[in-house]
Amino acid sequence: RATMVANEALAASLRASQVPPFKVMEVMIAAHERERAGLPVLHLEVGQPSDGAPAHACEAAKRALDACAAGRTTLGYTISDGIDPLRAAIARDYKIQYGVAVDPADVMVTTGSSAAFVLGFTAAFDHGDRVAIATPGYPAYRNILEALGIEVVSIPVDASTNFQPTCELLDAALDGKPIKGLIVASPSNPTGTVLKRDELFELIDWCKSKKVWFVSDEIYHKIEYGDERATTALEAPGGAETCLVINSFSKYHCMTGWRVGWCVVPQALRPAMNALQQNLFINAPHVSQVAAAAALDPECDAVLRGHVVKYARNREILMAGLPEAGFTKLSSAGGAYYIYADVSDFSTDSIALCKRILDVTGVACVSGVDFDRERGHHFVRFSFCGSTETCEEAVRLLRERRDEWRKH
């Protein structure tokens, strides 16, 4: 037996091996190879804003780096919850944006929202617990939960409920079996849909009545169109005690690579999340925290609101132009910067469809299979956080070469 063990190849754990890669990354690689070959690519595949961090935030980071270079600071470890100026600025922003009083002591700064999900899920749920998510939805929810040994309960949603869960859908899907948590995103990825205030509160009340943690992914807040303002779960009665609110500087503040996010942590989860943060991540990058605090200064407001104006124009272009190209069944896209298109009338393999679209038009978009393992082959997601010129040209090419990319 010792000889057999010695000869066996080392391998990744079964748990890790079962976590699927993002299909969107395959599209990004294909788009990159096309660009390397000298061919144009119109990027509508990823949620990567075409603008970088606000100049005011970059200047704050530069001052911190200059101070470090001069020996006036080390930019070393921070306390695990994050630097005080950033936590205070986040709490202040809740008061300004939502009229909600948040204690800075309840704010935990994390290495992007991704770390917040890992910390929150580990703190709130045990191995074997059942947690509900809407599908389609952000794939990392499912993948992180499954890697932690948590059973994922899918709540299939569609256009009839604006691609958001309802209490009725939850009751039907659970079939009398209890769950420990519900994860909701509004605005959502991949559909861009926004829950109305009363709809959000109904879901939170449902969770409170069944002693279920409500995890509110609010990463796309402030990116909203028309009257569909997103409501934070902290506005709900009792929300601070029953809701784990997660957000990030990646999307609205255009700081994807800085890897800094936050969560507002209920008191019952504070000790566990503190201990997990100290052991798993220690702290979010110090210089990123400095930049993030500056990104919440009033000096950044005008430029950040300007980005949302651009996204709104891009949304109008796609919502008008995609139906002319044959994509007639679109999500409402009231927030974030995604449109989810039902392509079942002309394709049952959206992975192959996206490849044909890229090959024929140079437009990079992604299949719905990342977001919905069962029905995603019938959907495609378009992202419109790039330039307006990119959106205009993409619509033109999709429309003019429609007969070519729709060929099987």
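You'll find the structure just up there.
Since this is a predicted model, take the numbers as computed values, not measurements.

### As for the sheet that holds strand β8 (residues 261-264)
Here is step 1 of the chain: In space, the seven strands of this open sheet follow the order β2-β8-β7-β6-β5-β3-β4, with mixed pairing throughout. The sheet is open, and its two edges are formed by β2 (107-110) and β4 (151-156), each paired on a single side. For this sheet the average axis-to-axis angle between neighbouring strands, irrespective of direction, equals 20°.
Here is step 2 of the chain: Helix-sheet contacts for helix α6 (residues 112-124) involve β2, β5 (181-185), β6 (213-217), β7 (243-248) and β8, and the interaxial angle to β7 is about 165°.

### Let's talk about the layout of surface pockets
Here is step 1 of the chain: Approximately 590 Å³ is the volume found for the largest pocket.
Here is step 2 of the chain: Lining the largest pocket are 31 residues, and of these Phe22, Gly47, Tyr138, Tyr220 and Lys251 lie nearest its centre.
Here is step 3 of the chain: Listed by contribution, the elements that provide at least two residues to the lining of the largest pocket are α3 (23-36), α6 and α7 (139-147).
Here is step 4 of the chain: A per-class count over the lining of the largest pocket returns 15 nonpolar, ten polar and six charged.

### Thoughts on the packing of aromatic side chains
Here is step 1 of the chain: Under the defined criterion, the tally for this structure stands at 21 aromatic pairs.
Here is step 2 of the chain: Measuring from centroid to centroid gives 5.7 Å for Tyr94 and Tyr98, while their planes differ by 35°, and the two rings are tilted. Pair noted here: Tyr94 and Tyr98 are both in helix α5 (residues 84-98), with a separation of four residues, about one helical turn.
Here is step 3 of the chain: The exposure class of Tyr94 is buried, given its relative accessible area of 3%.

### Overview of α5
Residues spaced three or four apart along an α-helix face the same direction, because each turn holds 3.6 residues.
Here is step 1 of the chain: Between its terminal C-alpha atoms α5 stretches 21 Å, which fits the 21 Å expected from 15 residues at 1.5 Å a residue.
Here is step 2 of the chain: The complete set of buried residues in α5 reads Leu86, Arg87, Ala89, Ile90, Ala91, Asp93, Tyr94 and Tyr98.
Here is step 3 of the chain: Note on α5: the residue one or two positions beyond its end, Gly99, has a positive phi of about 75°.

### Here's the deal with the pairing of strand β10 (residues 338-342)
Here is step 1 of the chain: Burial analysis of β10 places five of its five residues in the buried class, the great majority of the element.
Here is step 2 of the chain: Of the two faces of β10, the one carrying Tyr338, Tyr340 and Asp342 and the one carrying Ile339 and Ala341 are both buried.

### Thoughts on the nonpolar core
Here is step 1 of the chain: If you look at the biggest cluster of nonpolar residues, it comprises 63 residues, and the most contacted ones within it are Leu86, Ile90, Tyr94, Leu182, Phe214 and Phe249.
Here is step 2 of the chain: Not counting chain neighbours up to four residues away, the residues in contact with Ile90 comprise Val107, Val109, Phe249, Trp262 and Leu296.
Here is step 3 of the chain: Within the second largest apolar cluster, 40 residues are counted, among which are Tyr220, Ile223, Tyr337 and Leu397.

### Some points on the sheet that holds β10
Here is step 1 of the chain: With antiparallel pairing, the four strands of this open sheet are ordered in space as β9-β10-β13-β12. Only two strands of the sheet have a single neighbouring strand rather than two, namely β9 (329-330) and β12 (366-367).
Here is step 2 of the chain: With two bridges connecting them, β9 and β10 associate as antiparallel partners. Residue Leu330 lies in a different strand from β10, and its bridge partner there is Ala341.

### A short note on the pairing of β4
Here is step 1 of the chain: One ladder, built from six bridges, connects strand β3 (residues 130-135) with β4; its direction is parallel. Residue pairing across strands places Ile133 opposite Ser154, the latter belonging to β4.
Here is step 2 of the chain: Running through α7, the crossover from β3 to the neighbouring parallel element β4 is right-handed.

### Section: the pattern of salt bridges
Here is step 1 of the chain: With the rule as written, the count across this model stands at 21 salt bridges.
Here is step 2 of the chain: Taking the shortest distance from any N to any O, the salt bridge between Lys180 and Asp129 comes out at 3.5 Å. Taken together, the residues Lys180 in the loop between α8 (167-174) and β5 and Asp129 in the loop between α6 and β3 connect sequence positions 51 residues apart.
Here is step 3 of the chain: Using a relative accessible area of 27% as the deciding quantity, one classes Lys180 as partly exposed.
Here is step 4 of the chain: A residue is classified by how much of its surface remains accessible, and Asp129, at 17% relative accessible area, is buried.
Here is step 5 of the chain: A salt bridge links Glu235 to Arg229; the shortest N-O distance between them is 3.7 Å.
Here is step 6 of the chain: Taking relative accessible area as the criterion, Glu235 reaches 14% and is therefore assigned buried.

### Comments concerning a negative patch on the surface
Here is step 1 of the chain: On the surface, Glu168, Asp171, Asp198, Glu199 and Glu202 cluster together into a patch of negative charge.
Here is step 2 of the chain: Put simply, the parts of the chain that give the negative patch at least two residues each are α8 and α9 (197-209).
Here is step 3 of the chain: As for its position among the elements, Asp171 is in helix α8.
Here is step 4 of the chain: The class of Asp171 is partly exposed, set by a relative accessible area of 42%.

### Focus on the packing of helix α4 (residues 55-69) against helix α12 (residues 286-295)
Here is step 1 of the chain: Two numbers describe how α4 lies on α12: the axes approach to 8 Å, and their chain directions differ by 145°. Handedness of the α4/α12 crossing: right-handed. Residues His56, Ala57, Ala60, Ala61, Ala64 and Leu65 of α4 form the contact with α12, whose participating residues are Val287, Val290, Ala291, Ala294 and Ala295.
Here is step 2 of the chain: Here the residues of the contact of α4 with α12 are counted per class, giving ten nonpolar, one polar and no charged.

### Quick look at empty space enclosed by the protein
Here is step 1 of the chain: Across all of its chains, the model carries three cavities of 30 Å³ or more by this definition.
Here is step 2 of the chain: Roughly 120 Å³ of volume is contained in the largest cavity.
Here is step 3 of the chain: In terms of lining, the largest cavity is formed by 17 residues, of which the most central are Ala134, Pro136, Gly137, Ala185 and Ser188.
Here is step 4 of the chain: It is β5 that contributes the most residues to the lining of the largest cavity, three residues altogether.
Here is step 5 of the chain: Classifying every residue of the lining of the largest cavity gives twelve nonpolar, five polar and no charged.
Here is step 6 of the chain: Volume-wise, the second largest cavity comes out at about 110 Å³.
Here is step 7 of the chain: Along the walls of the second largest cavity sit Ile90, Asp93, Tyr94, Tyr98, Ile219, His221, Lys222, Asn247, Ser248, Tyr252, His253 and Trp262, which together make up its complete lining.
Here is step 8 of the chain: At the level of elements, α5 and β7 are the ones that each hand at least two residues to the lining of the second largest cavity.
Here is step 9 of the chain: A total of four residues in the lining of the second largest cavity trace back to one element, the largest contributor, which is α5.

Reading the values: the criteria
- Residues numbered from 1 in each chain as written.
- Predicted model: local features only at pLDDT ≥ 70, side-chain atom pairs only at ≥ 80, totals over all residues.
- Heavy atoms only, no water.
- Pairing = 2+ DSSP bridges.
- Helix = DSSP H or I, 4+ residues; strand = E, 2+ residues; numbered from the N terminus.
- Axes fitted to C-alpha atoms, helices over the stretch in contact; angles between N-to-C directions.
- Contact = heavy atoms within 4.5 Å.
- 1 Å grid on protein atoms, 1.4 Å probe; cavity = no way out; pocket = protein on both sides within 12 Å on 5 of 7 lines; lining within 4 Å.
- Points joined across faces, edges and corners; volume = space filled by probe spheres on them.
- Nonpolar A, V, L, I, M, F, W, Y, C, P; charged D, E, K, R; others polar.
- Phe/Tyr/Trp six-rings, centres within 6.5 Å; stacked < 30°, edge-to-face > 60°.
- Buried < 20%, exposed > 50% of the residue type's maximum accessible area, 1.4 Å probe, protein only.
- Expected span 1.5 Å × (residues − 1).
- Core = buried A, V, L, I, M, F, W, Y, C linked by side-chain atoms within 4.5 Å.
- Right-handed = clockwise from strand over helix to strand, strands pointing away.
- Salt bridge = Lys/Arg side-chain N within 4 Å of Asp/Glu carboxyl O.
- Patch = residues over 30% accessible without salt bridge, like charges linked within 9 Å, V, L, I, M, F, W, Y side chains within 5 Å.
- Areas by Shrake-Rupley, 256 points an atom, 1.4 Å probe, with all protein chains shown as cover.
- Lys, Arg positive; Asp, Glu negative; His and termini not counted.
- Charge placed at Lys NZ, Arg CZ, Asp CG, Glu CD.
- Left-handed = near helix turned anticlockwise from the far one by under 90°.

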